[in-house]
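Below, each chain spelled out in residue letters.
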Amino acid sequence: PELPEGRVNAIAERDGRIYCGTYNGAAVLTETDGVWSVSEQLNQASGLLCDSVNVILPVEHGLLLGSYLASDGGVTVLADDGIISYVEASSGLPHPYVTSALQLEDGTVLLGMGYMRDGALAELIPEGDSYRVGHVYTKADGLPGEKVRYLFEDDDSIWITTEYDGVVIRDKQTEQTKYLTEESGLSDNEIKCITKADGYYWLGGKYGLTVVPESVRN
């Protein structure tokens, strides 16, 4: 009952606190004597770019909170020292709807973005406690579709899924890419989530589950 109204889109942990994002703000949960309760609510009135919080990514100096279904959206950067900055259209962000976020080893953050058949994959380059927009990747750069749905990384590869057009796998050593679609065996072209276990990638789609052996990357 203490959470903002609406479905929970994202959950993340940082420094012993749990952050829950909804379309009506984010709740900060803290534990006291074994009991979790909402200690703070984050929303536009408290400094977020907008109330919608669809993605939460813990980073070295704080949190990135990405919006969805908000025309004035983008990314709110909430630093540990309380400084709030924003990455939005005026900063070069290609779309206001954030679907996924992945931090790379060098601190760069990849943002999946878009709605329906519009979107892109954007790089956020760290600058102090904030970020600037780097390269923006589209179909012209090899994405199978404009809207990026989900991002996944393991030791060897980065997987980028799209809304309607399947998955692209980028080998981190060779930088070669491989594409997976329904024609190559996916349950469907809209892959929503990925995990890896025991030498297999497990891909959750809109209409089913696809199990992909690790050797497919080669």
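Here the structure is shown first, and the text comes after it.
These numbers were taken from a predicted model, which means no experiment stands behind them.

Glancing now at the overall build of the protein chain. The helix and strand inventory of the protein chain stands at zero helices and 19 strands. Considered along the principal axes of its C-alpha atoms, the protein chain spans approximately 50 × 40 × 30 Å. In the protein chain, the share of contacts with a sequence separation of at least 24, taken over all contacts with a separation of at least 6, comes to 39%. About 10,800 Å² of surface is accessible on the protein chain, with carbon and sulfur atoms providing 46% of the total. Taken together, the 15 basic and 35 acidic charged side chains of the protein chain have centroids lying 7 Å from each other.

Below, the discussion takes up the side chain of Ser 100. Structurally, Ser 100 is set in strand E9 (residues 98–103). Apart from the residues within four sequence positions on either side, Ser 100 is in contact with Val 55, Leu 110, Leu 111, Gly 112, Val 148, Arg 149, Tyr 150 and Leu 151.

The antiparallel open sheet is built from four strands, whose spatial order is E13-E14-E15-E16. In the strand order of this sheet, the two ends are held by strand E13 (148–153) and strand E16 (177–180), each with one partner. Adjacent strand axes in the sheet meet at a mean angle of 20° when their direction is disregarded. As judged from the five bridges shared by E13 and strand E14 (residues 157–162), these two strands associate in the antiparallel manner. Residue Leu 151 lies in a different strand from E14, and its bridge partner there is Ile 160.

As a further point, take the packing of aromatic side chains. Applying the stated criterion to the full structure yields four aromatic pairs. Ring centres of Tyr 97 and Tyr 115 lie 5.6 Å apart, and the angle between their planes is 80°; this geometry places the pair in the edge-to-face category. With a gap of 18 residues between them, Tyr 97 in the loop between strand E8 (84–87) and E9 and Tyr 115 in strand E10 (residues 109–115) connect regions that are remote in the sequence. With relative accessibility at 15%, the residue Tyr 97 sits in the buried group. Aromatic rings pair up to connect Tyr 68, Tyr 97 and Tyr 115 into one cluster. In this structure, Arg 117 packs its charged tip against the face of Tyr 164, placed 4.2 Å from the ring centre.

The next thing to look at is the pairing of strand E15 (residues 167–171). Of all five residues in E15, four are buried; the element is thus mostly enclosed. One ladder, built from five bridges, connects E14 with E15; its direction is antiparallel. Within E15, the position partnered with Trp 159 by the bridge is Ile 169. Turn length for the E14-E15 hairpin, with the two strands adjacent in sequence and antiparallel, is four residues, and the turn residue Gly 166 shows positive phi of about 85°. For E15 and E16, the ladder comprises four bridges, and the chain directions are antiparallel.

Membership of the largest hydrophobic core comes to 16 residues, with the highest contact counts inside it found for Leu 64, Val 87, Leu 93, Val 109, Leu 111, Leu 124 and Tyr 131. Among the secondary structure elements, those contributing two or more residues to this core are strand E5 (55–59), strand E7 (75–79), E10, strand E11 (118–127) and strand E12 (130–137). Setting aside its immediate chain neighbours within four residues, Val 109 contacts Leu 57, Val 59, Leu 64, Ala 101, Leu 102, Gln 103, Ala 122, Glu 123, Leu 124 and Tyr 131. Counting twelve residues, the second largest nonpolar core, distinct from the first, contains Ala 10, Ala 12, Leu 42 and Leu 63.

Once that is clear, we can look at the sheet that holds E5. Strand pairing in a sheet takes place through backbone hydrogen bonds and is either antiparallel or parallel in direction. The strand order E5-E6-E7-E8 describes an open sheet built from four strands, whose pairing is antiparallel. Each edge of the sheet is formed by a strand with only one pairing partner; in this case those strands are E5 and E8. Averaged over all pairs of adjacent strands, the angle between strand axes in this sheet comes to 20°, irrespective of strand direction. Both E5 and strand E6 (residues 62–66) contribute to a ladder of five bridges, which runs antiparallel. Bridged to Val 55 within E6 is Gly 66.

What follows deals with the environment of Asn 9. The topology assignment puts Asn 9 in strand E1 (residues 8–14). When its relative accessible area of 21% is taken as the criterion, Asn 9 is described as partly exposed. Through-space distance from the C-alpha of Asn 9 to that of Tyr 23 is 7.7 Å; in sequence the pair is 14 residues apart. The contacts of Asn 9, once residues within four sequence positions are left out, are Gly 21, Thr 22, Tyr 23, Val 53 and Asn 54.

What counts, and at which threshold
Residues numbered from 1 in each chain as written. Predicted model: local features only at pLDDT ≥ 70, side-chain atom pairs only at ≥ 80, totals over all residues. Heavy atoms only, no water. Helix = DSSP H or I, 4+ residues; strand = E, 2+ residues; numbered from the N terminus. Contact = heavy atoms within 4.5 Å. Areas by Shrake-Rupley, 256 points an atom, 1.4 Å probe, with all protein chains shown as cover. Lys, Arg positive; Asp, Glu negative; His and termini not counted. Charge placed at Lys NZ, Arg CZ, Asp CG, Glu CD. Pairing = 2+ DSSP bridges. Axes fitted to C-alpha atoms, helices over the stretch in contact; angles between N-to-C directions. Phe/Tyr/Trp six-rings, centres within 6.5 Å; stacked < 30°, edge-to-face > 60°. Buried < 20%, exposed > 50% of the residue type's maximum accessible area, 1.4 Å probe, protein only. Lys NZ or Arg CZ within 6 Å of the ring centre and 35° of its normal. Core = buried A, V, L, I, M, F, W, Y, C linked by side-chain atoms within 4.5 Å.

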